[in-house]
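# Chain and residue survey
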Amino acid sequence: MTTLANAQLDADGFLTNAEDWTPELAEEFAREAEIELTDRHWEVIDFCRRDFAEKGTAPTVRRITKVGGIPTKEMYQLFPGGPGILAARISGLPKPKGCI
Amino acid sequence: MKKLLILGAGTAGTMMSAKLRRKLDPEEWSITVVDQDNEHIYQPGLLFIPFGTYRRRDVIKPRSRYIPAGVQLIQTEIERIAPDENQVRLTDGTALDYDFLIIATGSQIVPTETEGMTGPGWFKNTFDFYTLDGAMALYDALDRFKGGRLVLNTVEMPIKCPVAPLEFAFLADWYFTERGMRDKVEIVYATPLDGAFTKPKASAMLGGLMDEKDIQVVPNWNTGEVDGEKRVLSTWDGQEMNYDLLVTVPTNMGSDVVERSEIGDEGNWVATDKHTLQSKVAENIFVIGDATDLPSSKAGSVAHFEGEVLEENLLRAIEGRDLLPEFDGHANCFVETGFGKAVLIDFNYDTEPLPGRFPLPALGPLTLLEESEMNHWGKLAFKWVYWNLLLKGEEIPLAEARMSMAGKWR
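## Some thoughts on the nonpolar core
If you look at the biggest cluster of nonpolar residues, it comprises 96 residues, and the most contacted ones within it are L4, F129 and F168 of chain B. The residues touching F129 of chain B, leaving out its near neighbours within four places in the chain, are L46, L47, P50, A135, L138, A164, P165, F168, V247, T248 and V249 of chain B. Listed in part, the 29 residues of the second largest apolar core include L4, F29, F47 and I90 of chain A.

See below:
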(Lines give C-alpha, C1' and ligand atoms only; values in the text may rest on other atoms or scores of the structure.)
Protein backbone atom coordinates (compact mmCIF):
# COMPACT_ATOMS: atom_id res chain seq x y z
CA MET A 1 0.00 0.00 0.00
CA THR A 2 1.15 3.53 -0.73
CA THR A 3 2.15 5.51 2.31
CA LEU A 4 3.81 8.89 2.55
CA ALA A 5 7.10 7.11 3.17
CA ASN A 6 7.08 5.23 -0.16
CA ALA A 7 4.79 7.46 -2.29
CA GLN A 8 6.15 8.91 -5.52
CA LEU A 9 5.97 12.68 -5.20
CA ASP A 10 6.82 15.44 -7.67
CA ALA A 11 9.17 18.35 -6.93
CA ASP A 12 6.37 20.26 -5.21
CA GLY A 13 5.38 17.30 -3.02
CA PHE A 14 2.28 16.29 -4.96
CA LEU A 15 1.46 12.67 -5.73
CA THR A 16 2.88 11.76 -9.15
CA ASN A 17 0.14 9.30 -9.93
CA ALA A 18 -3.38 10.12 -8.69
CA GLU A 19 -4.27 6.41 -8.81
CA ASP A 20 -1.80 5.68 -5.99
CA TRP A 21 -3.99 7.69 -3.63
CA THR A 22 -5.66 6.07 -0.64
CA PRO A 23 -7.78 7.58 2.16
CA GLU A 24 -4.94 6.72 4.54
CA LEU A 25 -2.54 8.75 2.42
CA ALA A 26 -4.97 11.68 2.63
CA GLU A 27 -4.79 11.44 6.43
CA GLU A 28 -1.00 11.51 6.24
CA PHE A 29 -0.91 14.51 3.89
CA ALA A 30 -3.40 16.29 6.16
CA ARG A 31 -1.38 15.56 9.30
CA GLU A 32 1.66 17.06 7.59
CA ALA A 33 -0.33 20.26 6.98
CA GLU A 34 -1.61 20.16 10.57
CA ILE A 35 -5.18 19.59 9.45
CA GLU A 36 -7.50 17.14 11.15
CA LEU A 37 -9.87 15.76 8.55
CA THR A 38 -13.59 16.18 9.31
CA ASP A 39 -16.63 15.03 7.28
CA ARG A 40 -16.65 18.43 5.65
CA HIS A 41 -13.03 17.95 4.51
CA TRP A 42 -14.01 14.59 3.06
CA GLU A 43 -16.83 16.24 1.09
CA VAL A 44 -14.20 18.47 -0.50
CA ILE A 45 -11.80 15.57 -1.12
CA ASP A 46 -14.57 13.46 -2.70
CA PHE A 47 -15.54 16.35 -4.95
CA CYS A 48 -11.90 16.96 -5.96
CA ARG A 49 -11.33 13.27 -6.79
CA ARG A 50 -14.58 13.03 -8.80
CA ASP A 51 -13.91 16.26 -10.63
CA PHE A 52 -10.34 15.24 -11.46
CA ALA A 53 -11.54 11.91 -12.84
CA GLU A 54 -13.92 13.81 -15.10
CA LYS A 55 -11.79 16.81 -16.12
CA GLY A 56 -8.19 15.69 -15.75
CA THR A 57 -7.09 18.77 -13.82
CA ALA A 58 -7.26 19.70 -10.14
CA PRO A 59 -10.25 21.99 -9.52
CA THR A 60 -9.70 25.65 -8.60
CA VAL A 61 -11.18 27.04 -5.39
CA ARG A 62 -13.75 28.82 -7.54
CA ARG A 63 -14.80 25.49 -9.01
CA ILE A 64 -14.94 23.75 -5.60
CA THR A 65 -17.11 26.64 -4.42
CA LYS A 66 -19.41 26.98 -7.41
CA VAL A 67 -19.75 23.36 -8.50
CA GLY A 68 -18.86 21.57 -5.26
CA GLY A 69 -21.02 23.90 -3.14
CA ILE A 70 -18.49 24.66 -0.36
CA PRO A 71 -18.42 28.43 0.40
CA THR A 72 -15.07 30.15 -0.23
CA LYS A 73 -14.76 31.39 3.35
CA GLU A 74 -15.27 27.86 4.67
CA MET A 75 -12.65 26.53 2.26
CA TYR A 76 -10.11 28.86 3.87
CA GLN A 77 -11.16 27.64 7.33
CA LEU A 78 -10.91 23.98 6.32
CA PHE A 79 -7.60 24.39 4.51
CA PRO A 80 -5.86 27.38 6.08
CA GLY A 81 -3.26 29.14 3.95
CA GLY A 82 -3.96 27.71 0.53
CA PRO A 83 -7.19 25.80 0.03
CA GLY A 84 -6.68 25.08 -3.68
CA ILE A 85 -3.18 23.70 -3.22
CA LEU A 86 -3.88 21.85 0.04
CA ALA A 87 -7.13 20.28 -1.16
CA ALA A 88 -5.36 19.05 -4.29
CA ARG A 89 -2.40 17.65 -2.37
CA ILE A 90 -4.53 15.85 0.21
CA SER A 91 -6.76 14.50 -2.58
CA GLY A 92 -3.70 13.08 -4.34
CA LEU A 93 -4.03 15.34 -7.39
CA PRO A 94 -1.32 17.26 -9.25
CA LYS A 95 -0.60 20.86 -8.26
CA PRO A 96 -3.35 23.14 -9.64
CA LYS A 97 -2.02 25.20 -12.53
CA GLY A 98 -1.88 28.93 -12.02
CA CYS A 99 -2.80 29.55 -15.65
CA ILE A 100 -0.90 32.35 -17.31
CA MET B 1 -25.52 30.28 -49.04
CA LYS B 2 -23.56 28.91 -46.09
CA LYS B 3 -23.09 30.98 -42.98
CA LEU B 4 -20.09 31.63 -40.78
CA LEU B 5 -20.98 33.51 -37.61
CA ILE B 6 -18.39 35.16 -35.38
CA LEU B 7 -19.34 36.35 -31.89
CA GLY B 8 -17.21 39.27 -30.75
CA ALA B 9 -15.39 41.94 -32.77
CA GLY B 10 -12.39 42.33 -30.51
CA THR B 11 -8.84 41.32 -31.38
CA ALA B 12 -9.60 37.69 -32.22
CA GLY B 13 -13.01 38.08 -33.88
CA THR B 14 -11.96 41.01 -36.07
CA MET B 15 -8.77 39.25 -37.16
CA MET B 16 -10.64 36.02 -38.01
CA SER B 17 -13.25 37.90 -40.07
CA ALA B 18 -10.44 39.34 -42.18
CA LYS B 19 -8.53 36.08 -42.54
CA LEU B 20 -11.58 34.03 -43.46
CA ARG B 21 -13.11 36.58 -45.83
CA ARG B 22 -9.96 36.16 -47.91
CA LYS B 23 -10.28 32.36 -47.86
CA LEU B 24 -14.01 31.69 -48.17
CA ASP B 25 -15.70 32.20 -51.55
CA PRO B 26 -18.12 35.15 -51.17
CA GLU B 27 -20.52 33.44 -53.60
CA GLU B 28 -20.73 30.50 -51.27
CA TRP B 29 -20.18 31.83 -47.75
CA SER B 30 -21.59 34.80 -45.84
CA ILE B 31 -19.67 36.03 -42.80
CA THR B 32 -21.41 37.88 -39.99
CA VAL B 33 -19.82 39.36 -36.85
CA VAL B 34 -21.84 40.36 -33.80
CA ASP B 35 -20.75 42.73 -31.06
CA GLN B 36 -22.67 44.81 -28.56
CA ASP B 37 -21.05 48.18 -29.38
CA ASN B 38 -18.87 49.91 -31.94
CA GLU B 39 -15.88 50.75 -29.76
CA HIS B 40 -12.75 48.74 -30.43
CA ILE B 41 -10.26 49.34 -27.64
CA TYR B 42 -6.54 48.72 -28.06
CA GLN B 43 -6.25 46.93 -24.74
CA PRO B 44 -2.44 46.88 -24.38
CA GLY B 45 -2.66 50.68 -24.45
CA LEU B 46 -4.82 50.89 -21.31
CA LEU B 47 -1.70 50.37 -19.16
CA PHE B 48 -0.25 53.66 -20.42
CA ILE B 49 -3.34 55.82 -19.83
CA PRO B 50 -3.01 56.26 -16.03
CA PHE B 51 0.51 57.63 -16.57
CA GLY B 52 -0.53 60.04 -19.32
CA THR B 53 1.56 58.35 -22.03
CA TYR B 54 -1.59 57.57 -24.02
CA ARG B 55 -4.89 59.43 -24.12
CA ARG B 56 -8.35 58.14 -24.86
CA ARG B 57 -8.04 58.84 -28.58
CA ASP B 58 -4.92 56.65 -28.81
CA VAL B 59 -6.71 53.48 -27.81
CA ILE B 60 -10.23 53.68 -29.22
CA LYS B 61 -11.46 53.33 -32.79
CA PRO B 62 -14.76 52.22 -34.37
CA ARG B 63 -15.01 48.43 -34.69
CA SER B 64 -16.69 48.90 -38.07
CA ARG B 65 -13.52 50.41 -39.54
CA TYR B 66 -11.67 47.11 -39.08
CA ILE B 67 -14.38 44.76 -40.28
CA PRO B 68 -13.52 44.07 -43.94
CA ALA B 69 -15.79 44.62 -46.94
CA GLY B 70 -18.01 41.62 -47.51
CA VAL B 71 -18.51 40.95 -43.80
CA GLN B 72 -21.69 42.07 -42.05
CA LEU B 73 -21.32 43.65 -38.59
CA ILE B 74 -24.36 43.52 -36.33
CA GLN B 75 -24.30 45.77 -33.27
CA THR B 76 -26.60 44.11 -30.77
CA GLU B 77 -26.17 42.23 -27.54
CA ILE B 78 -26.13 38.45 -27.75
CA GLU B 79 -28.77 36.65 -25.72
CA ARG B 80 -27.92 32.99 -26.13
CA ILE B 81 -26.03 30.42 -28.15
CA ALA B 82 -28.13 27.35 -28.92
CA PRO B 83 -25.67 24.71 -30.20
CA ASP B 84 -28.35 22.05 -30.73
CA GLU B 85 -30.19 24.31 -33.15
CA ASN B 86 -27.08 25.87 -34.75
CA GLN B 87 -28.51 29.22 -33.83
CA VAL B 88 -27.59 32.37 -31.93
CA ARG B 89 -30.30 34.62 -30.51
CA LEU B 90 -29.80 38.33 -30.00
CA THR B 91 -31.49 40.46 -27.34
CA ASP B 92 -33.55 42.30 -29.98
CA GLY B 93 -35.25 39.02 -30.89
CA THR B 94 -33.22 38.29 -34.04
CA ALA B 95 -32.20 34.65 -34.54
CA LEU B 96 -29.05 33.97 -36.56
CA ASP B 97 -28.51 30.50 -38.01
CA TYR B 98 -25.00 29.29 -38.68
CA ASP B 99 -23.12 26.44 -40.31
CA PHE B 100 -19.96 27.25 -38.38
CA LEU B 101 -19.60 29.42 -35.29
CA ILE B 102 -16.51 31.11 -33.84
CA ILE B 103 -16.81 32.24 -30.24
CA ALA B 104 -14.51 35.22 -29.61
CA THR B 105 -16.38 36.87 -26.76
CA GLY B 106 -13.26 37.53 -24.68
CA SER B 107 -12.97 38.15 -20.98
CA GLN B 108 -14.16 40.89 -18.65
CA ILE B 109 -13.43 42.09 -15.16
CA VAL B 110 -16.10 41.33 -12.56
CA PRO B 111 -15.31 43.53 -9.52
CA THR B 112 -18.63 42.58 -7.89
CA GLU B 113 -17.16 39.09 -7.28
CA THR B 114 -15.19 40.62 -4.38
CA GLU B 115 -17.16 41.82 -1.38
CA GLY B 116 -16.99 45.57 -0.94
CA MET B 117 -14.89 46.26 -4.03
CA THR B 118 -17.55 48.32 -5.78
CA GLY B 119 -18.57 49.97 -2.48
CA PRO B 120 -17.78 53.51 -1.30
CA GLY B 121 -14.12 53.37 -2.40
CA TRP B 122 -14.78 52.38 -6.02
CA PHE B 123 -13.30 54.98 -8.36
CA LYS B 124 -12.40 57.08 -5.29
CA ASN B 125 -9.53 55.15 -3.73
CA THR B 126 -9.96 51.84 -5.61
CA PHE B 127 -9.48 51.59 -9.36
CA ASP B 128 -9.04 49.07 -12.15
CA PHE B 129 -7.05 49.75 -15.30
CA TYR B 130 -8.60 47.01 -17.44
CA THR B 131 -11.43 49.26 -18.62
CA LEU B 132 -11.12 52.61 -20.37
CA ASP B 133 -13.23 54.28 -17.64
CA GLY B 134 -11.03 52.79 -14.92
CA ALA B 135 -7.78 53.76 -16.61
CA MET B 136 -9.02 57.34 -17.23
CA ALA B 137 -10.20 57.75 -13.62
CA LEU B 138 -6.88 56.38 -12.40
CA TYR B 139 -5.03 59.03 -14.42
CA ASP B 140 -6.75 61.69 -12.30
CA ALA B 141 -6.20 59.76 -9.07
CA LEU B 142 -2.45 59.40 -9.70
CA ASP B 143 -2.26 63.06 -10.64
CA ARG B 144 -3.85 64.01 -7.28
CA PHE B 145 -1.87 61.46 -5.24
CA LYS B 146 0.23 63.13 -2.55
CA GLY B 147 2.01 60.01 -1.34
CA GLY B 148 1.29 57.02 0.86
CA ARG B 149 0.85 53.33 0.20
CA LEU B 150 -0.06 52.28 -3.33
CA VAL B 151 -1.23 48.67 -3.38
CA LEU B 152 -1.38 46.71 -6.62
CA ASN B 153 -3.49 43.61 -6.38
CA THR B 154 -4.47 40.61 -8.45
CA VAL B 155 -7.61 39.06 -6.98
CA GLU B 156 -7.47 35.61 -8.57
CA MET B 157 -6.08 33.77 -11.58
CA PRO B 158 -6.54 33.53 -14.48
CA ILE B 159 -6.35 37.16 -15.58
CA LYS B 160 -5.93 38.70 -18.99
CA CYS B 161 -2.30 39.71 -19.55
CA PRO B 162 -0.78 38.30 -16.33
CA VAL B 163 2.25 40.61 -16.57
CA ALA B 164 0.10 43.78 -16.54
CA PRO B 165 0.08 44.25 -12.73
CA LEU B 166 3.89 43.98 -12.68
CA GLU B 167 4.14 46.48 -15.52
CA PHE B 168 1.87 48.83 -13.63
CA ALA B 169 4.13 48.61 -10.57
CA PHE B 170 7.27 49.28 -12.66
CA LEU B 171 5.66 52.23 -14.43
CA ALA B 172 4.37 53.65 -11.14
CA ASP B 173 7.93 53.51 -9.76
CA TRP B 174 9.14 55.47 -12.81
CA TYR B 175 6.21 57.92 -12.71
CA PHE B 176 6.71 58.86 -9.05
CA THR B 177 10.47 59.11 -9.54
CA GLU B 178 9.93 61.59 -12.40
CA ARG B 179 7.60 63.59 -10.19
CA GLY B 180 10.30 63.72 -7.50
CA MET B 181 8.14 61.99 -4.91
CA ARG B 182 9.16 58.33 -5.09
CA ASP B 183 10.38 58.52 -1.47
CA LYS B 184 6.84 59.43 -0.40
CA VAL B 185 5.24 56.40 -2.09
CA GLU B 186 5.37 52.82 -0.87
CA ILE B 187 4.54 50.37 -3.67
CA VAL B 188 3.23 46.92 -2.74
CA TYR B 189 2.12 44.09 -5.03
CA ALA B 190 -0.25 41.60 -3.36
CA THR B 191 -0.68 38.49 -5.51
CA PRO B 192 -2.33 35.08 -5.07
CA LEU B 193 0.69 33.48 -6.79
CA ASP B 194 3.66 32.24 -4.78
CA GLY B 195 5.97 34.76 -6.47
CA ALA B 196 6.03 37.70 -8.88
CA PHE B 197 5.01 35.49 -11.82
CA THR B 198 4.04 31.88 -12.46
CA LYS B 199 6.95 30.50 -14.48
CA PRO B 200 10.14 30.00 -12.39
CA LYS B 201 12.85 31.73 -14.49
CA ALA B 202 10.67 34.73 -15.36
CA SER B 203 9.39 34.92 -11.77
CA ALA B 204 12.97 35.08 -10.46
CA MET B 205 14.01 37.69 -13.05
CA LEU B 206 10.93 39.90 -12.58
CA GLY B 207 10.99 39.40 -8.80
CA GLY B 208 14.61 40.62 -8.83
CA LEU B 209 13.55 43.75 -10.71
CA MET B 210 10.79 44.36 -8.15
CA ASP B 211 13.43 44.21 -5.39
CA GLU B 212 15.76 46.57 -7.26
CA LYS B 213 12.96 49.08 -7.66
CA ASP B 214 11.92 48.75 -4.01
CA ILE B 215 8.52 47.28 -4.82
CA GLN B 216 7.38 44.86 -2.14
CA VAL B 217 5.85 41.58 -3.35
CA VAL B 218 3.35 39.95 -0.99
CA PRO B 219 2.76 36.41 -2.29
CA ASN B 220 -0.08 33.96 -1.51
CA TRP B 221 -2.47 36.86 -0.95
CA ASN B 222 -6.03 35.66 -1.58
CA THR B 223 -8.22 38.75 -1.61
CA GLY B 224 -11.58 38.25 0.06
CA GLU B 225 -12.81 41.75 0.80
CA VAL B 226 -12.20 45.43 0.18
CA ASP B 227 -13.28 48.06 2.70
CA GLY B 228 -13.20 51.31 0.75
CA GLU B 229 -14.20 53.42 3.72
CA LYS B 230 -11.41 52.25 6.01
CA ARG B 231 -9.10 51.57 3.05
CA VAL B 232 -8.34 48.01 4.03
CA LEU B 233 -7.73 45.05 1.72
CA SER B 234 -8.24 41.71 3.44
CA THR B 235 -7.81 38.04 2.58
CA TRP B 236 -10.23 35.14 2.99
CA ASP B 237 -8.26 34.00 6.01
CA GLY B 238 -8.33 37.35 7.78
CA GLN B 239 -5.01 39.07 6.94
CA GLU B 240 -5.36 42.81 6.44
CA MET B 241 -3.41 45.46 4.58
CA ASN B 242 -4.00 49.21 4.63
CA TYR B 243 -3.84 51.22 1.46
CA ASP B 244 -4.11 54.80 0.37
CA LEU B 245 -4.63 53.94 -3.26
CA LEU B 246 -5.68 50.47 -4.45
CA VAL B 247 -5.11 49.50 -8.07
CA THR B 248 -6.75 46.14 -8.51
CA VAL B 249 -7.08 43.56 -11.21
CA PRO B 250 -10.48 42.17 -10.23
CA THR B 251 -11.68 38.64 -10.98
CA ASN B 252 -11.64 37.99 -14.73
CA MET B 253 -14.43 35.93 -16.25
CA GLY B 254 -15.69 34.95 -19.67
CA SER B 255 -18.75 36.57 -21.21
CA ASP B 256 -22.18 36.38 -19.58
CA VAL B 257 -23.43 34.92 -22.88
CA VAL B 258 -21.37 31.82 -22.15
CA GLU B 259 -23.04 31.46 -18.77
CA ARG B 260 -26.55 32.07 -20.16
CA SER B 261 -25.88 29.46 -22.85
CA GLU B 262 -24.58 26.97 -20.29
CA ILE B 263 -21.52 26.14 -22.34
CA GLY B 264 -18.79 27.29 -19.93
CA ASP B 265 -17.09 26.29 -16.70
CA GLU B 266 -17.18 28.07 -13.34
CA GLY B 267 -15.28 31.03 -14.81
CA ASN B 268 -17.51 31.15 -17.92
CA TRP B 269 -14.62 29.94 -20.08
CA VAL B 270 -15.64 27.70 -22.99
CA ALA B 271 -14.26 24.14 -23.00
CA THR B 272 -11.87 24.04 -25.97
CA ASP B 273 -9.40 21.51 -27.36
CA LYS B 274 -6.02 23.01 -26.46
CA HIS B 275 -4.35 22.00 -29.73
CA THR B 276 -7.11 22.24 -32.40
CA LEU B 277 -9.24 25.09 -30.91
CA GLN B 278 -12.42 23.17 -31.65
CA SER B 279 -14.92 23.57 -28.83
CA LYS B 280 -15.96 20.57 -26.78
CA VAL B 281 -19.54 21.85 -27.08
CA ALA B 282 -20.11 20.99 -30.75
CA GLU B 283 -17.94 20.09 -33.74
CA ASN B 284 -19.01 23.15 -35.72
CA ILE B 285 -18.09 25.56 -32.94
CA PHE B 286 -14.55 26.89 -32.55
CA VAL B 287 -13.22 29.17 -29.82
CA ILE B 288 -10.39 31.71 -29.91
CA GLY B 289 -8.73 34.28 -27.66
CA ASP B 290 -9.58 34.97 -24.04
CA ALA B 291 -12.90 33.09 -24.27
CA THR B 292 -11.25 29.64 -24.19
CA ASP B 293 -10.43 27.57 -21.12
CA LEU B 294 -6.92 26.79 -22.46
CA PRO B 295 -4.00 26.73 -20.00
CA SER B 296 -2.29 29.51 -21.95
CA SER B 297 -2.03 33.25 -21.35
CA LYS B 298 -5.00 35.42 -22.12
CA ALA B 299 -3.28 37.92 -24.40
CA GLY B 300 -3.50 39.43 -27.87
CA SER B 301 -0.34 37.62 -28.99
CA VAL B 302 -1.94 34.30 -28.09
CA ALA B 303 -5.05 35.21 -30.10
CA HIS B 304 -2.77 36.07 -33.02
CA PHE B 305 -0.92 32.75 -32.88
CA GLU B 306 -4.20 30.87 -32.42
CA GLY B 307 -5.54 32.67 -35.49
CA GLU B 308 -3.24 30.81 -37.86
CA VAL B 309 -4.27 27.46 -36.42
CA LEU B 310 -7.96 28.32 -36.34
CA GLU B 311 -7.95 29.48 -39.96
CA GLU B 312 -6.43 26.18 -41.07
CA ASN B 313 -8.69 24.03 -38.90
CA LEU B 314 -11.91 25.82 -39.77
CA LEU B 315 -11.17 25.34 -43.47
CA ARG B 316 -10.38 21.69 -42.78
CA ALA B 317 -13.63 21.23 -40.84
CA ILE B 318 -15.59 22.78 -43.71
CA GLU B 319 -13.99 20.31 -46.13
CA GLY B 320 -14.52 17.42 -43.71
CA ARG B 321 -10.79 16.82 -43.24
CA ASP B 322 -9.01 15.99 -39.97
CA LEU B 323 -8.04 18.92 -37.79
CA LEU B 324 -4.39 19.64 -37.06
CA PRO B 325 -3.35 19.69 -33.39
CA GLU B 326 -1.04 22.61 -34.14
CA PHE B 327 -1.57 25.11 -31.33
CA ASP B 328 1.25 24.90 -28.76
CA GLY B 329 0.18 27.65 -26.32
CA HIS B 330 2.62 30.16 -27.82
CA ALA B 331 2.62 33.57 -26.11
CA ASN B 332 4.92 36.52 -26.61
CA CYS B 333 4.80 39.58 -24.37
CA PHE B 334 6.68 42.82 -24.00
CA VAL B 335 6.86 43.64 -20.29
CA GLU B 336 7.34 47.36 -19.63
CA THR B 337 9.83 47.79 -16.79
CA GLY B 338 9.97 51.60 -16.61
CA PHE B 339 12.60 54.22 -17.50
CA GLY B 340 12.14 53.50 -21.21
CA LYS B 341 12.98 49.83 -21.02
CA ALA B 342 11.13 46.56 -21.44
CA VAL B 343 11.65 42.81 -21.19
CA LEU B 344 10.49 40.41 -23.91
CA ILE B 345 9.24 36.95 -22.96
CA ASP B 346 8.36 34.15 -25.38
CA PHE B 347 6.93 30.81 -24.20
CA ASN B 348 4.37 28.06 -24.76
CA TYR B 349 2.56 25.22 -22.94
CA ASP B 350 5.80 23.29 -22.37
CA THR B 351 8.65 25.79 -22.42
CA GLU B 352 8.85 28.54 -19.84
CA PRO B 353 10.29 31.99 -20.76
CA LEU B 354 14.04 31.62 -21.26
CA PRO B 355 16.82 34.18 -21.62
CA GLY B 356 18.49 34.62 -25.03
CA ARG B 357 17.94 36.57 -28.24
CA PHE B 358 14.74 36.78 -30.25
CA PRO B 359 15.46 36.90 -33.98
CA LEU B 360 13.51 39.72 -35.62
CA PRO B 361 13.83 40.24 -39.37
CA ALA B 362 15.19 43.66 -40.47
CA LEU B 363 15.38 45.21 -36.99
CA GLY B 364 17.77 42.71 -35.47
CA PRO B 365 17.49 40.60 -32.37
CA LEU B 366 15.55 41.61 -29.26
CA THR B 367 16.82 40.56 -25.84
CA LEU B 368 14.81 37.84 -24.12
CA LEU B 369 14.17 37.97 -20.38
CA GLU B 370 16.50 40.93 -20.08
CA GLU B 371 15.77 44.67 -20.00
CA SER B 372 16.51 46.76 -23.08
CA GLU B 373 15.45 50.03 -24.70
CA MET B 374 14.86 48.23 -28.00
CA ASN B 375 12.17 46.11 -26.33
CA HIS B 376 10.44 49.27 -25.11
CA TRP B 377 10.36 50.63 -28.67
CA GLY B 378 9.05 47.25 -29.77
CA LYS B 379 6.18 47.59 -27.32
CA LEU B 380 5.29 51.10 -28.48
CA ALA B 381 5.60 50.12 -32.16
CA PHE B 382 3.17 47.31 -31.53
CA LYS B 383 0.27 49.79 -31.45
CA TRP B 384 0.83 50.48 -35.14
CA VAL B 385 1.26 46.78 -35.85
CA TYR B 386 -2.01 46.04 -34.03
CA TRP B 387 -4.23 48.46 -35.94
CA ASN B 388 -2.54 48.03 -39.32
CA LEU B 389 -1.50 44.39 -39.52
CA LEU B 390 -2.82 42.21 -36.71
CA LEU B 391 -6.51 43.17 -36.94
CA LYS B 392 -6.36 42.75 -40.69
CA GLY B 393 -5.03 39.24 -40.28
CA GLU B 394 -1.76 40.09 -42.04
CA GLU B 395 1.60 38.50 -41.37
CA ILE B 396 3.47 40.32 -38.63
CA PRO B 397 7.19 40.19 -37.89
CA LEU B 398 6.68 38.39 -34.60
CA ALA B 399 7.44 34.82 -35.63
CA GLU B 400 4.94 32.08 -36.33
CA ALA B 401 2.23 30.20 -34.54
CA ARG B 402 4.61 27.61 -33.18
CA MET B 403 7.23 28.82 -30.72
CA SER B 404 10.83 28.49 -31.93
CA MET B 405 13.81 27.59 -29.76
CA ALA B 406 16.13 29.65 -32.01
CA GLY B 407 18.26 32.02 -29.92
CA LYS B 408 16.97 30.76 -26.59
CA TRP B 409 19.43 29.77 -23.90
CA ARG B 410 18.46 26.75 -21.86
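## Focus on the domain arrangement of chain B
Residues and elements named next belong to chain B. With domains assigned, chain B is organised as domain 1 (2–109 + 253–318), domain 2 (117–251) and domain 3 (331–390). Contact with domain 2, which involves 16 residues of that partner, is made by 20 residues of domain 3. Summed over both sides, the interface between domain 2 and domain 3 buries roughly 1500 Å², with carbon and sulfur atoms accounting for 71% of that surface. For domain 2, the biggest contributors to the area lost against domain 3 are W174, K199 and K201; these three give 33% of the whole. Taken together, the connections running from domain 2 to domain 3 amount to two salt bridges. Between K201 and E352 there is a salt bridge; the shortest N-O distance is 3.8 Å. Among the residues forming the side of domain 2 that touches domain 3, the class breakdown is ten nonpolar, one polar and five charged.

## A look at unusual backbone geometry
All names here are of chain B. Going from M157 to P158, the amide bond is cis rather than trans, its omega being 0°. Along the chain, the position of P158 falls in the loop between β12 (148–154) and α4 (164–178). We note that F339 has phi near 50°; this positive angle belongs to a residue other than glycine. Along the chain, F339 falls in the loop between β21 (331–338) and β22 (341–347).

## Quick notes on the packing of aromatic side chains
Each aromatic ring pair is specified by the distance between its two centres and by the angle formed by the two planes. All names here are of chain B. A full pass over the atoms with the stated rule returns 19 aromatic pairs over all chains. Taking the centre distance of 5.1 Å and the plane angle of 35° together, the rings of W122 and F123 count as tilted. Taking relative accessible area as the criterion, F123 reaches 31% and is therefore assigned partly exposed. Relative to W387, the ring of Y386 lies with its centre 5.4 Å away and its plane at 85°, an arrangement referred to as edge-to-face. Across the pair, W387 and Y386 agree in class, each one buried. Among the aromatic side chains, those forming a connected cluster through ring pairs are F51, F129, Y130, F145, F168, Y175 and F176. Geometry around Y349 places K274 over its ring, the cationic atom sitting 4.7 Å from the centre. One Lys or Arg, K383, reaches over the ring of Y54 and ends 4.9 Å from the middle of that ring.

Rules and cut-offs
- Here the residue numbering is sequential within each chain, running from 1 through the sequence in written order.
- Here every chain gets a letter starting at A, and every ligand a number starting at 1, in the order they are written.
- Selection of residues for local features in this predicted model requires a pLDDT of at least 70, selection of side-chain atom pairs for listing and counting requires 80 or more, and totals for whole chains, interfaces and linings are taken over all residues.
- Water and hydrogen atoms play no part in the side-chain values, which are based on all heavy atoms of the structure.
- Nonpolar cores are built from buried Ala, Val, Leu, Ile, Met, Phe, Trp, Tyr and Cys residues. Side-chain atoms within 4.5 Å join them into one set.
- Each residue's exposure class comes from its accessible area (1.4 Å probe, protein chains only) as a fraction of the maximum for that residue type: buried when under 20%, exposed when over 50%, partly exposed otherwise.
- By the convention used here, residues are in contact when the closest approach between their heavy atoms is within 4.5 Å.
- Boundaries between domains were set according to an automatic or database domain assignment.
- The term buried area denotes the loss of accessible surface (1.4 Å probe radius) that occurs when two parts are joined, taken as the sum for both partners.
- Any carboxyl oxygen of Asp or Glu that lies within 4 Å of a side-chain nitrogen of Lys or Arg is treated as forming a salt bridge with it.
- Note on residue categories: nonpolar means Ala, Val, Leu, Ile, Met, Phe, Trp, Tyr, Cys or Pro, charged means Asp, Glu, Lys or Arg, and polar means any other residue, Gly included.
- Under the scheme used here, helices are H or I runs from DSSP no shorter than 4 residues and strands are E runs no shorter than 2 residues, and both carry numbers assigned from the N terminus.
- In this analysis, rings of Phe, Tyr and Trp, with Trp reduced to its six-membered ring, are considered paired at centre separations within 6.5 Å, and the interplanar angle assigns stacked below 30 degrees, edge-to-face beyond 60, and tilted for intermediate values.
- Lysine and arginine charges are scored as sitting over a ring when NZ or CZ, respectively, is within 6 Å of the ring centre and within 35 degrees of the ring normal.

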